[in-house]
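Chains, contacts and geometry: an overview
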Amino acid sequence: MAEHVAHDDHSVAHESHSTKFYWMIGGILAVVTALEVGIFLVESSFSATMFLVILLGLALIKGAGVIAFFMHLRGDAKIFQFVFLVPLLFAFSLCLGFLKLFSNHVGIAG
Amino acid sequence: MSSSVSHGTGEAHQKPLLGSMGVDSRKLGLWAFLGSETLFFVTLITTHLIFYARTKATLAAAGTLEHLDPRTHYLGIELTTVLATLLLASSLTMVLALAASKVKDWKKFRVWQMATILLGAAFVGGQVYEFIHLYHEGLKLAPQYVLEGETVKSLYGVTFFTMTGFHGLHVTIGIIWLIATYVKVAKFPDSPENPMDIELAGLYWHFVDLVWVAIFTLIYLI
Amino acid sequence: MAIAEQHVASAHTNSPDYEGFSWRSWLATVDHKKIGIIYIVVAFAFFVLGGIEAVLMRVQLGAANNTFLTADTYNQLFTMHATTMIFLVIMPMNVGIGNYIVPLMVGARDMAFPRLNALSIWLFIGGGLLLYLSFLTGGAPNAGWFAYAPLTQNQYSPGAAMDYWVLGLGLTGIASIAGGLNFIVTVLNMRAPGMTLNRLPLFVWMNLVVSFIIIFAFPTFTVASIQLLFDRQFGGAVFNPAQGGDALLWQHLFWFFGHPEVYILILPVMGMVSEILPTFSRKPIFGYSFVAYSGVAIGFLGFIVWAHHMFGTGMGPMANAFFSGASMVIAIPTGVKIFNWIATMWSGDLRLTTAMLYAIGFISMFIIGGISGITLASSPIDLQQTDSYYVVAHLHYVLFGGSILGLFAGGFYWFPKITGRMLDDKLGKIQFWLMMVSFNLTFFPMHIAGTEGMPRRIYTYEAGMGWEIWNQIETVGTFLLALSVLMFLYNAIKSIRSGERASNDPWDASTLEWMIPSPPPSYNFLHVPTVTSRRPLWDAKYPHAVGDEHGGHSKPSNVRYEYTDENTPGAKDIHMPTLTFSPMWLSGGLTIAALGFIYINKEILGLPEGIAALGFIAIGIVMVFVGIRAWIVDSRRDSPYMSSHH
Amino acid sequence: MRKGAQVSKKRALALLFGSMMVLASCTNLPATTMYTYGDHANRILNDVMMPVFWMAIAVFVIVQGALVYTVIRFRSKKPDAPIPVQTHGNTNVEIAWTVAPAIVVLIVTVLSFRVQAANSYQPPEAIKICAVAHQWWFEFQYDVSNEECNPFSGAKSSEDALVTASDLYIPVGQSVQIQLEAADVMHNFWVPKLAGKTYMIPGKTNYLAFKAEEPGIYRAFCAEFCGEAHAQMRFRVIALAPEEYAAWKTSYKNVPAVSTGTVSVLGLTGDAARGAALFAEPKKQCMSCHIISGTAAKGKIGPNLTHYGNRLTIAAGVLPYSTDNLALWMQDPEAVKQGNLMGRVIKKGTLSDQEVADLVAYLDSMKLPVTKPAEK
Ligand code: HEA
Ligand code: HEA
Ligand code: CUA
Ligand SMILES: [Cu+2]
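In this text the structure is predicted, and so the values were computed from the model without any measurement. (Residues numbered from 1 in each chain as written. Chains lettered and ligands numbered in written order. Predicted model: local features only at pLDDT ≥ 70, side-chain atom pairs only at ≥ 80, totals over all residues. Heavy atoms only, no water.)

**Considerations on the overall build of chain B**
Rule in force here: By definition, any uninterrupted DSSP run of H or I lasting at least four residues is a helix, any uninterrupted run of E lasting at least two residues is a strand, and each is numbered from the N terminus. Only protein chains enter the area calculation, which uses a 1.4 Å probe; residues under 20% of their type maximum are buried, those over 50% are exposed, and those in between are partly exposed. Any pair of residues with heavy atoms lying within 4.5 Å of one another is described as a contacting pair.
Per the secondary structure count, chain B includes six helices and two strands. The order of helices and strands in chain B, counted from the N terminus, is α-α-α-α-β-β-α-α. In terms of its C-alpha atoms, chain B occupies a principal-axis envelope of roughly 70 × 35 × 20 Å. Buried positions account for 64% of the 222 residues belonging to chain B. Of all intrachain contacts in chain B linking residues separated by at least 6 positions in sequence, the fraction that spans at least 24 positions is 72%.

**Structural notes on the interface of chain D and chain C**
For clarity, the threshold we go by: Simply put, the buried area is the total loss of 1.4 Å probe accessible area from both parts when two parts are fitted together. In the sections that follow, a salt bridge refers to a side-chain nitrogen of Lys or Arg positioned within 4 Å of a carboxyl oxygen of Asp or Glu. Within 3.5 Å is the distance limit for a polar contact, defined as a pair of N or O atoms, with the added protein rule that one can donate a hydrogen and the other accept it, and that residues adjacent in sequence qualify only through two side-chain atoms.
With 92 residues of chain D at the interface, the matching set in chain C holds 102 residues. Sorting the residues of chain D by area buried against chain C places H88, W97 and F225 of chain D first, and these three jointly supply 10% of that buried surface. In this structure, the connection of chain D to chain C is made through two salt bridges. The residue E462 of chain C makes a salt bridge to R234 of chain D at a minimum N-O spacing of 3.6 Å. Across the contact surface, chain D and chain C share 27 residue pairs in polar contact (both at pLDDT 80 or more). Among the elements of the structure, α1 (2-26), α2 (39-74), α3 (91-120), β6 (187-191), β7 (195-200), β9 (216-222) and β10 (234-240) of chain D are those that each provide at least two residues to the side of chain D that touches chain C.

**Structural notes on the coordination of the copper ion (ligand 4)**
Tetrahedral metal sites with four donors have an ideal angle of 109.5 degrees; octahedral sites with six donors have ideal angles of 90 or 180 degrees. All names here are of chain C. Which entries qualify depends on this criterion: Counted as donors are the N, O and S atoms within 2.8 Å of the metal, or 3.2 Å for Na, K and Ca, while water is not among the atoms, so some sites may look incomplete.
Taken together, the protein donors to the copper ion (ligand 4) comprise H259 (ND1), H308 (NE2) and H309 (NE2), at separations of 1.9 to 2.1 Å. Each donor residue of the copper ion (ligand 4) belongs to the same chain, with the gaps between them written as H-x48-H-H. Here the copper ion (ligand 4) and the iron atom of ligand 1 are spaced 4.5 Å apart. You can see H259 sitting in helix α7 (residues 247-281) and its partner H309 sitting in the loop between α8 (288-301) and α9 (317-329), a full 50 residues away along the chain.

**Digging into the interface of chain A and chain B**
Frequently, the measure chosen for interface size is the accessible area removed from exposure when the parts meet. The partner chain B presents 45 residues to the 50 residues of chain A that form the contact. Taken together, both faces of the contact between chain A and chain B bury some 4,100 Å²; the carbon and sulfur share is 81%. Viewed at the interface, chain B and chain A are joined by one salt bridge. Measuring nitrogen to oxygen at the nearest pair gives 2.7 Å for the salt bridge that ties K27 of chain B to D76 of chain A. Inspection of the region where chain A meets chain B yields three residue pairs in polar contact (both at pLDDT 80 or more). Contributions of two or more residues to the side of chain A that touches chain B are made by α1 (19-41), α2 (48-70) and α3 (78-101) of chain A. The dominant element in the side of chain A that touches chain B, judged by the number of residues it contributes, is α3 of chain A, at twelve residues.

**Describing the pattern of salt bridges**
Enumeration according to the criterion identifies 28 salt bridges over all chains in this entry. E36 of chain A serves as the salt-bridge partner of K62 of chain A, at 2.9 Å between the closest nitrogen and oxygen. Taken as a pair, K62 of chain A in helix α2 and E36 of chain A in helix α1 lie far apart in primary sequence, 26 residues in all. Judged on exposure class, the residue K62 of chain A and its partner E36 of chain A are both buried. As a salt-bridge pair, R54 of chain B and D246 of chain C come within 2.6 Å of each other at their nearest N and O atoms. On the criterion of chain membership, the pair formed by R54 of chain B in helix α1 (residues 25-61) and D246 of chain C in the loop between α6 (202-234) and α7 is interchain, its members lying in two chains. Judged by its relative accessible area of 22%, R54 of chain B is partly exposed. With a relative accessible area of 10%, D246 of chain C lands in the buried category. Here the salt bridges share partners, and the residues they tie into one network are R282, D349, R351, D505, D508 and K541 of chain C.

**Focus: the sheet that holds β9 of chain D**
Residue and element names in this part refer to chain D. Note the cut-off: Strand pairing is assigned whenever DSSP detects at least two bridges linking the two strands. Angles shown run from 0 to 180 degrees and are taken between the N-to-C directions of axes, each axis being a line fitted to C-alpha atoms and, for helices, limited to the stretch in contact.
Pairing in this open sheet of five strands is mixed, and the strands run β4-β10-β9-β6-β7 from one edge to the other. Edge positions in the open sheet fall to β4 (167-171) and β7, since each of these has one partner strand only. Across this sheet, the average inter-strand angle for adjacent strands is 25°, counted without regard to direction. Note that β6 and β7 share four bridges and pair antiparallel. In the strand pairing of β7, N188 is matched with Y199.

**Here's the deal with the packing of α7 of chain C against α8 of chain C**
Packed helices, taken two at a time, are described by the angle their axes make and the gap between the axes. Residues and elements named next belong to chain C. Spelled out, the test is: Should an angle fall under 35 degrees it is called roughly parallel, over 145 degrees roughly antiparallel, and 65 to 115 degrees roughly perpendicular, with every other angle called oblique.
Between α7 and α8, the shortest axis-to-axis distance is 11 Å and the interhelical angle comes to 175°. Comparing their axes, α8 and α7 come out roughly antiparallel. Mapping the contact onto sequence places Y263, L267 and S274 in α7 and V291, G295, I298 and G299 in α8.

**Section: the side chain of S510 of chain C**
Structurally, the position occupied by S510 of chain C is in the loop between α15 (468-498) and α16 (536-541). Setting aside residues no more than four positions away along its own chain, S510 of chain C makes contact with R535, P536, L537 and W538 of chain C.

**What to know about the site of ligand 1**
To keep it simple, the criterion reads: Each residue is tested against the molecule or strand, and it is near if at least one of its non-hydrogen atoms lies within 4 Å.
Inspection of the region around ligand 1 gives 32 residues, with Y263, D382, T386, H394 and R456 of chain C positioned closest. Two or more chains meet at ligand 1, and those chains are chains C and D. In this structure, Y263 of chain C approaches ligand 1 through a side-chain N or O atom, which is 2.6 Å from an oxygen atom. One of the side-chain nitrogen or oxygen atoms of T386 of chain C is found 2.6 Å away from an oxygen atom of ligand 1.

**Thoughts on the state of the cysteines**
Residue and element names in this part refer to chain D. For the record, the criterion: Two cysteine sulfurs form what is called a disulfide whenever their separation falls within 2.5 Å.
Counted according to the given criterion, the structure contains one disulfide over all chains. Between C130 and C149 runs a disulfide, and the two sulfur atoms are separated by 2.0 Å. Negative torsions about the S-S bond denote left-handed disulfides, and the value of about 80° found for C130 with C149 makes this one right-handed. A residue pair is termed long-range when its members are at least 10 positions apart, and C130 in strand β1 (residues 127-134) and C149 in helix α4 (residues 146-149) qualify at 19 residues. Residue C149 is classed as buried on the basis of its relative accessible area of 1%. With no disulfide partner, C286 has as its closest neighbouring cysteine sulfur the one in C289, 8.5 Å distant.

Printed below as a string of structure tokens:
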């Protein structure tokens, strides 16, 4: 964990973006959503894995955009990143772990 | 929630309420809370995915039932695309409201904040409409659904409604929070706490949007 | 006794009777110290309840084919025993001591969110009462503390008992998450100047780690219990295989929370021991960063081993191997802690006070519990030992031999700070030895009974299995154990009334809580100290015995004994949050609404299904809104920006 | 000095416990895990449990010893002793004692993985037996398919299928693979002397393969809490020499002969023929819950009672089999086994003593000539 000297303000000075910038991000997210829907509509032209990878990738971009720019996590204090991204990582691994554990039914205790 | 004091210390009140991490206590608490919430929602989503996969497997095993996939049947993406867009737009208006508050442009703030509230309300309305619609189509909080006269044993409905229902509950709480901030700012326009109050409500709001980003892709599209 | 006297000429004591008792000052309090005391007292009361449940079980098991209890009563007792001990005793006791001590240790005047803190305590009490209400309304929960599906479904557990369990624990769960967030912010953001993370007392470190575990682990349990509730109230069937649900899903979700939970129970106690050993060895902790980071490592590893409770469920050899290996790895950071503790004592000047004896007893017993944990973590061995009394032995060695002994250590250590009086050390030592002997009498034979094939959770067993002798010993041990707890109770009550007055620093300790009076004034520190080393008070007392500390130096600091009370000049200027009943309204409302929720599909008070439930929910919601309003009004009173506008 | 005495008291105590432990493991108790007769349990005991036990003892002695030694040696002897040297740590030493447990752990892991691999192997030639757990008794079906075994599959085994309750018959020297199912809640299959536990989970099929090495009767339990009567959900495994097993199977398949004979219980004379008639009488309801091959009784709620006279125990291991005990059961099932599902219908007084005597005579008359091995 980062070491912060008490009572100094160096980490709070996250940059405030211009209004235009937010509109741009909003626009990009809208485009990504449209892309997602578009890909969904032409699903059959992708292989199943391809479809999955692209959609997850797009969702990740959207999520990252919201977190980084709308929530200003990018450039904000490290401690915020820590208390949010670490559980997010836990959550991802929980999801993957459970999907793996529930995907096969071995039925042997061993 | 937004009204906890940050310091028990009197002298801190005249400065911005920054602690030994150099950050606002409430904001830190909220971020940690949102971290905890990610696990809450991911658990709901994971449960849903597990049972969706199982439903698909059962349908495939039955041979002739593969066309009864609950997702393709129930979750039309027209409505949900609209909803996702609404929520995304509300995130944008929210961040614009915050930006306005930082430069003390209260008129603009009120416009954007109100827009956020209305967009959120529209989302909740849309979700209520969707729930009612699904209920009539045969998807209920029950361990089976009825499609084309066939009763399929599946937990799709249960986990779907639990998941989206709790998301809807969060959106509703978010709306209340936004209204509360709106009122507070109107009442105490020169409180130096205002930008932070707005930022906190906003963080929660964006998080709710974030959850929908995940649900939209994982549940509706994939 | 008061070692510090040599250094502090006249050990000034501050009168502990500074306020006189008033109900209002307790029920509406937002003072972390009072809230801490409420936690401790309530948790101790629950300890006696849980203990009495255990005594009843042990009487039943004292003989083969005994008929002292019926099967169902026994099942209720072991369920409530474990639920009580884990959720209503150790967790709140840790939180209580943490509440009292952590802000003091970091040099803060209160927790970061005092009102949220008050909400936590009342929600916890509401949840506990709700759980115990079930005894009066047709039977307590009886499906075991981990409530395996599908036994918890309506058709196998009819009635309201399981709903009480879910909602009672739900309320304490909210309290825990709120508390966890409060601790995180307090520790990270309320530290005194100079109190860097690298100088944080280890008790504070462990509370920080545990708070993170709490906020990461509880959500899965919350989700699982919501789904269980929906199964029971609305026919959801998520955990009902007969209708397409999955029984194993509950286990995975429960243990994803449940295993980290056991580290929630032990890590704060390890933190306490890491404070107590150095104090009474008159040495700094050996390998501060190893001890701190091993706690972090344990907390992290705790999240990837949950399925070691499920080796027998047929997950397959690959999954078993993974969870088996990961579990055993935890021996490494835990071993680091143990060895560093021993090294802390090595070549020290050990003052064997009762607190120190308990800390040593903790290490000694925890080693046994940890080693039996390792045998359980080996999946093939576990297949023989799981669900047998061997597991019961393991869990009591880590929970009682670990958490409870450690809490006694912490209790003896901080009692003077909290009450302003010393506990009777001689009686304490007698109690310690009685407890050590009776504890081992009660729980050691369980290893043997388990190895001899005695399954757990059985209310009766056949004669001639070879288990009687061990069970008899265990039952005798239990009564001695109860005696030793009674002895402590006597000691505590006697000492609060007429114990020797405690000075600021009766143990000659090194952390900040000892620089202020015992008990501290409501604002804690008149002058917030500036910290320049890991042992601020020690270094101020012994500038020449500092050593080659990695993380600190004894630069001059303003850390020195304060002798202040509410009437000290300047104390009045310290602004503390005002009393408020809003947390009580809120938690009362939530508790009543939860009660209503239990009866959504059941009859109560002779009213038709649903009516009473809706009534309760309505009352609850009204109370919640009253609480929220009061909360806003009361917090405005504390805010300089808003009160002026009225 | 006093403290030294206390510590040696502690050591004496430890020694006492140690010797008790040794004593305990040297006695061949009915359900001990320390005397094993099956390959699954053998491997656990010999290839991992004992080695780990000795390692655990070693770790215990070293660490506990170091602790006790430190406390005794460095306890404060003078109240005004000078402040000891303030050491803060030593990275090399700390790394050393991080690595040392890692090595022990590695060894335990390797041992565990090896046993695990061996024990999870399912020999293809194994004899397949199906076990279905009910609240609160075990049912064993022989020669059925996977689907017929699964209570949720909807497939039904034929009514005359070979089924026993509470007694599991297996051949010695041959691997058996038990298919584990549960009809209601979760249960757990445990024969301490033959194999470790495996859960029986409704909706999920598990398998356990093991081989009994000596003929004998082995105690077994439901090891997972499964509701009110979990404590009294037991069974026996009866391992027979292969020839005897085959003989048992063929003879068991024979429908019981028409029952005759009398027994005296409760001071009355019970008549088997009368009992058979009573049993078949719908008003008595026995038939709605129990199966007896060759009769009209086709109920599936309770245990299969075919050849009941061969039973080792009554009501899933609660009472040893005898006509007197059987009468106790029939008079008031709830008094014998709290919570059992038969007691919800057959209450005290539902059957008159004479009816009980007749039913006992009937059930007792259905016997086969099997020589049962001794209890292990
Ligand atoms: C405070 C609570 C606590 C703690 C700290 C632990 C610690 C550990 N536990 Fe325990 N456990 C419980 C509470 C706890 N447990 C409870 C309540 C249950 C039962 C739940 C129920 O079913 O009701 C349980 C059950 C349980 C099981 C499941 C048993 C079963 O039901 O089949 C397992 C299996 O792996 C296990 C393993 C471990 C391990 C590996 C550790 C490790 O963390 C231990 C590490 C410590 C040491 C190893 C000792 C010190 C180290 C050294 C001296 C170094 C040298 C040592 C070696 C090289 C070995 N525990
Ligand atoms: C912190 C946790 C904790 C603590 C402290 C204890 C303490 C005790 N436990 Fe408990 N126990 C558990 C956690 C704990 N237990 C858990 C998690 C389980 C698993 C449950 C499950 O399977 O679901 C369990 C299960 C369990 C069982 C197994 C039940 C079964 O499987 O069938 C038994 C049986 O002996 C037992 C006994 C005891 C005893 C005798 C004490 C004693 O140490 C209690 C001593 C305290 C007192 C006695 C109170 C003080 C006394 C007085 C103030 C005097 C008044 C009392 C009298 C009437 C004499 N416990
Ligand atoms: Cu079946 Cu316990
Ligand atoms: Cu565990």
